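Structure at a glance
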Amino acid sequence: MSTWIKVARYHLVQPIPYLLVTWWILAFSFGVNIAIYALVPNSDPAGAGSVPDGHYTGALCSIFLYFLVLGVNSIGRWLPFGLSLGVSRRTYYAGTALLAVVLSAADGLALAGFQAIERATNGWGVQMGFFRVPYLLDGPWYLTWLSSFVGLTLLFVYGMWYGLVYRRWGLIGTIAFVAAQVTVGLAATVLVSWAHGWTSVHHFFTGLTAAGLTGLLAVLAVALLAGGQVTIRRAAI
Amino acid sequence: MTPAIAVAGLTRRYRDQVALDDVSIELDPGSITGLLGRNGAGKTTLLRILAGQEFPSSGDVRVLGQPPAENEPVLRRMVFVREDQAYPDIKVGHALRAASWFYPNWDARLAGSLAADFGLRPKKAVKKLSRGMRSALGITIGLAARAEVTLFDEPYAGLDAVARQIFYDRLLAEYAERPRTVLLSTHLIDEAAALFERVVVLDQGRVVLEAAADGLRGVATTVSGPVLAVEDFTAGRPVWDRRRLGSQASVVTVGPLDEAARARARSLGLDLVPLTLQQLVVHAAGWPAASEAAEEAEAADPEGVSA
């Protein structure tokens, strides 16, 4: 465990990408959106505290995509230097995943905080839904926290897996990795069609709450984490 | 005594090539060994496998008595400085700080003084370092880690002569203060020859020579002089290379020369020049008996006086 923390700290030896760039990206994206909302006259009669239709920016996805990038980057050239410092692959992977989990929890909490401010200020005074995303991030603060936490971890871990696949099998291997995922999706689609199961799939998803979806994503995150673990085991540098 | 490094029957195959072919070596703790050979001979692959960065196709690898791969108690006691080490997007100071967290015997004072000797500035981004300065960073980490097993792969690529001398001096000083097992691959053989207690020469993935450096120094001699005298002197001796220029000949003969032979050479007006380590290595591939000859030389003259 203590070496896990050392590995997490190793990534933070250069803290700017993890602690600052996330917020630079979000601040920029927020600034752009608030400028647009301030420019466009808003005569929507929706009451205080609610977001009129179409006033959700969706720009919050930038932070999630950035976590995917961070995940890829945490392997890249960090893995070979990390392993050269006498860390085992197992520990490197666990420590990096630990960083992903802690960072996602902290940043998720910040997102929940910003969401509370957004609600309290009637969408920053311009009825903007930046930190609120319909259905996904629209509930109480702790659910926002939990869902952001799971989503950020999921993308970080997914990025790590891409980084590892690229490390082991290069560009062709990475393309094959994407193709394999598409194939799995296609196979699932075909199976559902054969079984005439689309109605039940539809029911399943319409009945799914944000909390339920978060649970599903958490299971997926664990599966991706396991996939990366298998991939790193024989990675040579 | 458990060998610091013990490799038996190690083979590493890649799709279209055999990088290591049935390699067996044993290195005692507390020794400096030169790992020599041409580009592509398998030196880096061997070092990567020892450091647990690469996996063998077959064979047994033990470092400090245990298999190194994914074995943290062993990995922590070992440092591997690679010529082509990839560094993340960080500064020199970051790299040294990160290294200090992982090596239990890390010596921050030593790291600081080495960095100062090499002119490495902590604020400089690693990716902006020249090739030589990047090597200097690797050397600084490799020495300051004070690891029981220290592996250097061509550690001073791109370093100038002054900086290389700093490396040799500091390595020897460190080694004297805290003996450790050093395995160092290099192409600058004669320059580093004085460091080595043993040498291992690889060629096309095979060990073609493994011997004590002292034993090697007297193992082959270039005999030169008038053709007839040279022919006369070398008759019956194993000969490894023959060159002729007009009435002069130059023959490399194998095996130690005793005092009588040397006296005879003098009386025949012949020049005797022992082969340097570098020349030995150049020919080692074509001369598989080198190891045995070196062992014989060592056995006959354990103090290495003939050198």
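The structure presented is a predicted model; accordingly, all values stated were derived computationally and were not measured. (Residues numbered from 1 in each chain as written. Chains lettered and ligands numbered in written order. Predicted model: local features only at pLDDT ≥ 70, side-chain atom pairs only at ≥ 80, totals over all residues.)

Attention now moves to the overall build of chain A. Along the backbone of chain A there are 9 helices and 0 strands. Of the regular secondary structure in chain A, the N- to C-terminal order runs α-α-α-α-α-α-α-α-α. Taking the principal axes of the C-alpha coordinates as reference, chain A spans close to 60 × 50 × 30 Å. Counting across all 237 residues of chain A, residues that qualify as buried make up 36%. (Helix = DSSP H or I, 4+ residues; strand = E, 2+ residues; numbered from the N terminus. Buried ≥ 20, exposed ≤ 12 C-beta atoms within 10 Å, placed from the backbone.)

Entries for chain B in the domain assignment read domain 1 (5–214) and domain 2 (215–300). Here the C-alpha centroids of domain 1 of chain B and domain 2 of chain B sit 33 Å apart. (Domains from an automatic or database assignment.)

Counting 141 residues, the largest nonpolar core has Val-157 of chain A together with Met-78, Leu-151 and Val-199 of chain B as the members making the most contacts within it. Ranked by residues supplied to this core, first place goes to helix α7 (residues 141–194) of chain A with 15 residues. When residues are assigned to domains, this core turns out to be shared by domain 1 (5–214) and domain 2 (215–300) of chain B, each giving three or more. In contact with Val-157 of chain A, other than residues within four places in its own chain, are Gly-71, Ala-97, Ala-100, Ala-221, Leu-224, Leu-225 and Gly-228 of chain A. (Core = buried A, V, L, I, M, F, W, Y, C linked by C-beta atoms within 7 Å. Contact = placed C-beta atoms within 7 Å.)

Let us look at the packing of α7 of chain A against helix α9 (residues 210–233) of chain A. Residues and elements named next belong to chain A. Look at α7 against α9: their axes get within 9 Å of each other, and the N-to-C directions meet at 25°. On the basis of their axis angle, the class for α7 and α9 is roughly parallel. Every pair of crossing elements has a handedness; the one defined by α7 and α9 is left-handed. Grouping the constituent residues of the contact of α7 with α9 by class yields 19 nonpolar, 7 polar and 1 charged. (Axes fitted to C-alpha atoms, helices over the stretch in contact; angles between N-to-C directions. Parallel < 35°, antiparallel > 145°, perpendicular 65-115°, else oblique. Left-handed = near helix turned anticlockwise from the far one by under 90°. Nonpolar A, V, L, I, M, F, W, Y, C, P; charged D, E, K, R; others polar.)

To continue, consider the sheet that holds strand β4 (residues 58–63) of chain B. All names here are of chain B. Taken in spatial order, the 3 strands line up as β2-β1-β4 in an open sheet, and their pairing is antiparallel. Every interior strand has two partners, whereas the edge strands, β2 (17–27) and β4, have only one. For this sheet, the mean inter-axis angle between neighbouring strands, taken without regard to orientation, is 20°. Here strand β1 (residues 5–14) runs beside β4; their pairing, made up of 5 bridges, is antiparallel. Note on β4: the bridge partner recorded for Ala-8 is Asp-60. (Pairing = 2+ DSSP bridges.)

Contact residues are listed per partner, giving 24 residues for chain B and 21 residues for chain A. The set of elements that each furnish at least two residues to the side of chain B that touches chain A consists of α2 (72–75), β5 (78–81) and α3 (92–102) of chain B. In terms of residue count, α3 of chain B provides more of the side of chain B that touches chain A than any other element does, 6 residues in total. Split into classes, the residues belonging to the side of chain B that touches chain A amount to 14 nonpolar, 3 polar and 7 charged.

The subject of this paragraph is the environment of Ala-193 of chain B. All names here are of chain B. The residue Ala-193 is located in the loop between α7 (189–192) and β8 (198–203) in this model. For the pair formed by Ala-193 and Thr-276, sequence separation is 83 residues and the distance between their alpha carbons is 8.8 Å. Residues in contact with Ala-193, not counting those within four places in the same chain, are Ala-213 and Leu-277.

Here the focus is unusual backbone geometry. Its identity as a non-glycine residue notwithstanding, Tyr-135 of chain A has a phi of 70°, on the positive side. Locating Tyr-135 of chain A in the fold gives a position in the loop between α6 (123–127) and α7. At Glu-70 of chain B, a position not held by glycine, the phi torsion is positive, near 60°. With respect to the element layout, Glu-70 of chain B can be found in the loop between β4 and α2.

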